[in-house]
Amino acid sequence: MQQAKTLAEYRSQCRQAMDDEFLRKAMDAFAVAYRTNRANAFADMNERELIAEIADAKDAAVARLDELFAEFKAKAEKNGVHVHLARTAAEANEIIARIAREGGVKKIVKSKSMTAEETLLNHHLEADGFEVVETDLGEWIIQLRHEGPSHMVMPAIHLSRYQVADLFTDVTGQKQEVDIEKLVKVARRELRTHYATADMGISGANFAVAETGGIGLITNEGNARLVTTLPRIHVALAGLDKLTPTLHDALRVIKALPRNATGQAITSYVTWITGANECAPGPEGRKEHHIVFLDNGRSSLAKDPDFRQVLRCVRCGACANVCPVYRLVGGHKMGHIYIGAIGLLLTYFFHGREKAKNLVQNCINCGACKQVCAAGIDLPRLIKEVHARIQDEEGHPLPSKLLGTVLSNRKLFHTLLRTAKWGQKPVVDGKTGYLRHLPLIFSKEQDFRALPPIAEKPFRDRWEKLRPVVEHPKYRVALFSGCVQDFVYPEQLEAAVKVFAGHGAALEFPMGQSCCGLPVVMMGETEAARNVAAQNVTAIDPGSCDYIVTMCASCASHLKHAYPKMLEGDPRMADKARRFADKVVDFSTFARDVLGVDEGDFASVSVQTRTAYHAPCHLCRGLGVTKAPRELLAKAGLDYVVADEEDVCCGFGGTFSMKFPEESKALLDKKLDNVKKTGATQLVTDCPGCVMQLRGGAERRGDGIVVRHIAEALAERVKPR
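Described in the following lines is the structure provided in the data block. Please read these numbers as outputs of a predicted model, since none were measured by experiment.

Some thoughts on the overall build of the protein
Consideration 1: Of the regular secondary structure elements, the protein holds 35 helices and 18 strands.
Consideration 2: Taken against the 2.2 N^0.38 rule, which gives 27 Å for 721 residues, the C-alpha radius of gyration of the protein at 28 Å falls within 12% of a compact globule.
Consideration 3: Each principal axis of the C-alpha atoms in the protein carries an extent, and together these give about 90 × 60 × 50 Å.
Consideration 4: Per-residue burial over the protein gives 59% buried out of 721 residues.
Consideration 5: Accessible area for the protein stands at about 29500 Å²; split by element, carbon and sulfur atoms hold 52% of it.
Consideration 6: Distance from the positive charge centre (95 side chains) to the negative charge centre (89 side chains) of the protein: 3 Å.

Things to note about the sheet that holds strand β9 (residues 269–273)
Consideration 1: The mixed open sheet is built from 4 strands, whose spatial order is β8-β5-β6-β9. A strand with exactly one partner marks an edge of an open sheet, and here the two such strands are β8 (243–244) and β9.
Consideration 2: In the packing of helix α12 (residues 247–262) onto the sheet, contacts are made with β5 (207–209), β6 (214–219), β8 and β9, and the angle to β9 comes to roughly 165°.

What about the pairing of strand β18 (residues 706–709)?
Consideration 1: Both strand β17 (residues 682–685) and β18 contribute to a ladder of 4 bridges, which runs parallel. Within the sheet, the bridge partner assigned to L683 lies in β18 and is V707.
Consideration 2: Taken together, β17, helix α34 (residues 688–701) and β18 constitute a β-α-β crossover, and its handedness is right-handed.

Some remarks on the packing of aromatic side chains
Consideration 1: Applying the stated criterion to the full structure yields 18 aromatic pairs.
Consideration 2: Judged by centre distance (5.2 Å) and plane angle (45°), the ring pair of W140 and F168 falls under tilted. In this pair, W140 sits in helix α8 (residues 137–144) while F168 sits in helix α9 (residues 161–172), placing the two residues 28 residues apart along the sequence.
Consideration 3: On the basis of relative accessible area, F168 is assigned to the buried category, the value being 1%.

Quick look at the packing of helix α16 (residues 340–351) against helix α19 (residues 379–394)
Consideration 1: For the pair α16 and α19, interaxial distance at closest approach is 9 Å and the crossing angle is 30°. With respect to the hand of their crossing, α16 and α19 are arranged in left-handed fashion. Of α19, the residues touching α16 (which contributes A341, I342, L344, L345, Y348 and F349) are L379, L382, I383, V386, R389, I390 and E393.
Consideration 2: Partitioning the contact of α16 with α19 into residue classes produces 11 nonpolar, no polar and 2 charged.

Brief notes about the pattern of salt bridges
Consideration 1: The final tally for this structure, using the stated rule, is 63 salt bridges.
Consideration 2: Here D575 makes a salt bridge to R579, at a shortest N to O gap of 3.1 Å. Here D575 and its partner R579 are both found in helix α28 (residues 574–582), 4 residues apart, which amounts to about one turn of the helix.
Consideration 3: What makes D575 partly exposed here is its relative accessible area of 41%.
Consideration 4: On the basis of relative accessible area, R579 is assigned to the partly exposed category, the value being 36%.

Focus: a nonpolar patch on the surface
Consideration 1: A grouping of L247, L251 and W272 is seen on the molecular surface, where their side chains present a nonpolar patch of about 250 Å² in accessible area.
Consideration 2: As for its placement among the helices and strands, W272 is situated in strand β9.

Digging into the nonpolar core
Consideration 1: Ranked by size, the top nonpolar core spans 195 residues in total, and within it F293, I342 and F500 carry the most contacts.
Consideration 2: Beyond its immediate chain neighbours, meaning those up to four positions away, F293 contacts F69, F72, V83, H84, L85, A86, A208, A238, G239, L240 and L243.
Consideration 3: Judged by nonpolar contacts, the second largest core, of 21 residues, contains A86, A92, I96 and V105.

A short note on the environment of K670
Consideration 1: You can see K670 is positioned in helix α33 (residues 661–678).
Consideration 2: The spacing of K670 and G651 is 19 residues in sequence and 9.4 Å in space, taken between C-alpha atoms.
Consideration 3: Sequence-distant contacts of K670, that is, excluding residues within four places in its chain, are made with D28 and R327.
Consideration 4: Side chain to side chain, K670 and D28 meet in a polar contact 3.0 Å long.

Digging into the state of the cysteines
In a disulfide, the sulfur atoms of two cysteines are held together by a covalent bond.
Consideration 1: The final tally for this structure, using the stated rule, is 0 disulfides.
Consideration 2: Just so you know, C649 is unpaired, no disulfide at all, and the nearest cysteine sulfur is the one on C617, 3.8 Å from it.

Section: α9
Consideration 1: Between its first and last C-alpha atoms α9 spans 16 Å; for 12 residues at 1.5 Å apiece the expected length is 16 Å, and the two agree.
Consideration 2: Along α9, the residues that are buried comprise V164, A165, L167, F168 and T169.
Consideration 3: Residues of α9 that are buried make contact with α8 and α10 (180–197).
Consideration 4: Residue G173 follows α9 closely and has a positive phi angle near 75°.

Observations regarding the environment of L50
Consideration 1: Turning to its location among the elements, L50 is positioned in helix α3 (residues 47–62).
Consideration 2: Filtering out sequence-adjacent residues up to four positions away, L50 remains in contact with F42, M45, R252, K255 and A256.

Remarks on the pairing of strand β10 (residues 288–294)
Consideration 1: Of all 7 residues making up β10, 7 are buried, and the element is well covered by its neighbours.
Consideration 2: On β10, burial covers both faces: E288, H290, V292 and L294 on one face and H289, I291 and F293 on the other are all buried.
Consideration 3: Examined bridge by bridge, strand β7 (residues 233–239) and β10 share 7 bridges and lie parallel to one another. Its bridge partner lying in β10, G239 is registered against L294.

Focus on unusual backbone geometry
The phi angle of most residues is negative, glycine excepted, and most peptide bonds adopt the trans form.
Consideration 1: In the Ramachandran plot, N296 falls in the positive-phi region, its phi being about 50° despite a non-glycine side chain.
Consideration 2: Looking at the element boundaries, N296 is found in the loop between β10 and α13 (298–302).
Consideration 3: With a phi angle near 50°, E645 is a residue other than glycine that sits in the positive phi range.

Focus on the sheet that holds β18
Consideration 1: If you trace the 4 strands from one edge of the open sheet to the other, you get β16-β15-β17-β18, paired in parallel fashion. At either end of the open sheet lies a strand with only one pairing partner, and these are β16 (639–640) and β18.
Consideration 2: α34 rests against β17 and β18 of the sheet, and its axis sits at about 170° to β18.

Some details on the packing of helix α20 (residues 398–408) against helix α21 (residues 410–423)
Consideration 1: α21 packs onto α20 with a crossing angle of 105° between their chain directions and a minimal axis gap of 5 Å. As far as their axial angle goes, α21 and α20 are roughly perpendicular. Contacts between α20 and α21 involve V406, L407 and S408 on the former and, on the latter, R410, L412, F413 and L416.
Consideration 2: Looking at side-chain class alone, the contact of α20 with α21 contains 5 nonpolar, 1 polar and 1 charged residues.

So, α8
Consideration 1: Of all 8 residues that make up α8, 6 are buried, and the element is covered over most of its length.
Consideration 2: Within α8 the residues assigned to the buried category are G138, E139, W140, I141, I142 and Q143.
Consideration 3: On its buried face, α8 is in contact with α6 (114–119), α7 (121–127), β3 (131–134), α9 and α10.
Consideration 4: Regarding α8, its N-cap is D136, as a side-chain oxygen of that residue lies 3.1 Å from the backbone nitrogen of G138 further along.
Consideration 5: Two residues or fewer after α8 comes H146, characterised by a positive phi angle close to 60°.

Notes on the side chain of S657
Consideration 1: In this fold, S657 is placed in helix α32 (residues 656–659).
Consideration 2: By relative accessible area, S657 is classed as buried at 1%.
Consideration 3: A polar side-chain atom of S657 sits 3.2 Å from a polar atom in the side chain of R449.
Consideration 4: Non-local contacts of S657, meaning those with residues more than four positions away in its chain, are made with Q446, R449, G651, F652 and S664.

Calculation criteria
Residues numbered from 1 in each chain as written. Predicted model: local features only at pLDDT ≥ 70, side-chain atom pairs only at ≥ 80, totals over all residues. Heavy atoms only, no water. Helix = DSSP H or I, 4+ residues; strand = E, 2+ residues; numbered from the N terminus. Rg over C-alpha atoms; globule rule 2.2 N^0.38 Å. Buried < 20%, exposed > 50% of the residue type's maximum accessible area, 1.4 Å probe, protein only. Areas by Shrake-Rupley, 256 points an atom, 1.4 Å probe, with all protein chains shown as cover. Lys, Arg positive; Asp, Glu negative; His and termini not counted. Charge placed at Lys NZ, Arg CZ, Asp CG, Glu CD. Pairing = 2+ DSSP bridges. Contact = heavy atoms within 4.5 Å. Axes fitted to C-alpha atoms, helices over the stretch in contact; angles between N-to-C directions. Right-handed = clockwise from strand over helix to strand, strands pointing away. Phe/Tyr/Trp six-rings, centres within 6.5 Å; stacked < 30°, edge-to-face > 60°. Left-handed = near helix turned anticlockwise from the far one by under 90°. Nonpolar A, V, L, I, M, F, W, Y, C, P; charged D, E, K, R; others polar. Salt bridge = Lys/Arg side-chain N within 4 Å of Asp/Glu carboxyl O. Patch = residues over 30% accessible without salt bridge, like charges linked within 9 Å, V, L, I, M, F, W, Y side chains within 5 Å. Core = buried A, V, L, I, M, F, W, Y, C linked by side-chain atoms within 4.5 Å. Polar contact = N/O pair within 3.5 Å; in protein donor to acceptor, adjacent residues only side chain to side chain. Disulfide = S-S within 2.5 Å. Expected span 1.5 Å × (residues − 1). Parallel < 35°, antiparallel > 145°, perpendicular 65-115°, else oblique.

Have a look at this one:
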């Protein structure tokens, strides 16, 4: 399928992928099994500590790539290895083709190499008249189908055994049974003659160890060992980012990589190759051994203070394994050559913005990739920054610019919301309370959920009557509402005030606050996002309060993690932004850990409400809060039942659901189906955006499930004070 030139074309291609029933089932089954297998694999390890050590070591190596390359080259050449440096993909391909020509090569066997995919090496060699055979089972299958990989570790995960059986039938000219073990035997039989008759073997390298001048490969099939030992010429193609100072650094990565990639404690084969080994047909009885290092932008990337962390990647593919979008559309739509979240970034740096500009928008910002990254790369943030860079280079779309302009001006933004309250009256259904007809700015594709109207009276206009009087406060608390709870769901904030009552919290609602700015981050409007951040940090003085409490998980994560980063370059705001962020806390954590809300705060009830819970992405991953909301449900006497995949994204993602409604709907349906299976009549969550998505979806589907913010569920049971 051709590369989509526009977002509309890309969305169309994604829709086609989502219509592939086998792909959807295969991705679902893998995603569920992977989570369990990975958790088991890391069970007896300090996962966070290991990842931090890998990140530090990779950062140190990236900072001295030139030095490591020189050290590696000297050691390797002393051991009879030819070391080459290619500045571009084309140069790497030509170096390898020249080696083949000079060596009188006719047939080449390859083991799996994402770097070779990056350079399109096979295409170059085949155009030069060489026979090239992939020997990794998955790579061989997709080579026969003339496709690219759909996963960095499992390149043929998108295919069924039936498709493979049909393919092997065509290749062998004999009808093949739909039996995996028999199909593997067919592949072995077909490939063995190629190993024996090949003149050159090409591999990648997981590590290039400077202290030894040797390379390391980790694989799950024995083909890499055959490729690197049987042919008289061996060429390893590796990115400069694979350079590592010591064997210890490589062994540390091996602790994490197979666990993260496939949930294995260790991979099947770990191979170390140092020097030109004995080989009877080779020159002077030694194998002709070449290592080609590829730059292709890596040296420039290493000098970028923000994006150089991309070079930490160990190519485990875990970011795809947990990505809810990848799970829907597969790797051919969630990458160009590199797949998943890391692929969205590498596509821009290695293949250019034309290849990346649509891909980077298909990130829902759920943070699942960041949580599992074996090298601790802040993937969601960097994806949004690449999106912003592309818009800076190509020009900002009008809707994006308009949103940035509106949110940068709080008074204009709030005036528009107040005006919308009157303009919506003709389209609000008096019985359901939802919008009866979608406004023109929404397309029919958004009709998978019912949308709420602007509230009759925003929270800021109710505050003076609601403000509790606390004579001897223990805590000074600033409430941060964001835009949705202030103007759409003010009742959620009122519920929080009720839950907090009687616990010594003096509440304030600073009127200068506005939207947190996350929507403009998602739209690639960096300047507007900074303006909004500065606006809110100015509106809520961190010196005047002990806590800044927000009811929105997305706001909380953004305020806490993004504000200091966005404002670090502003000498007037940087320190204040850090102090502001330090005081931000989510509703559930504040209620449980600070105020000490417990069973005694709630009235006992005779009828139990069967309640399911959805963990917002920015709460469970962005803030690492998992226990507090569930414990509060138990303290309130609610009959909490566990639903499948509680912490998988509901599909909202703010403006993501506007750009990719088909994907948003699919994630929503999966979430609501899992809740229905529990028999719950109530679904609670900690984020107004999730409430909007889940409540609107349940209403449109007619599920009969009441969706509420957790504060509302708790407030309903709080004893009168």
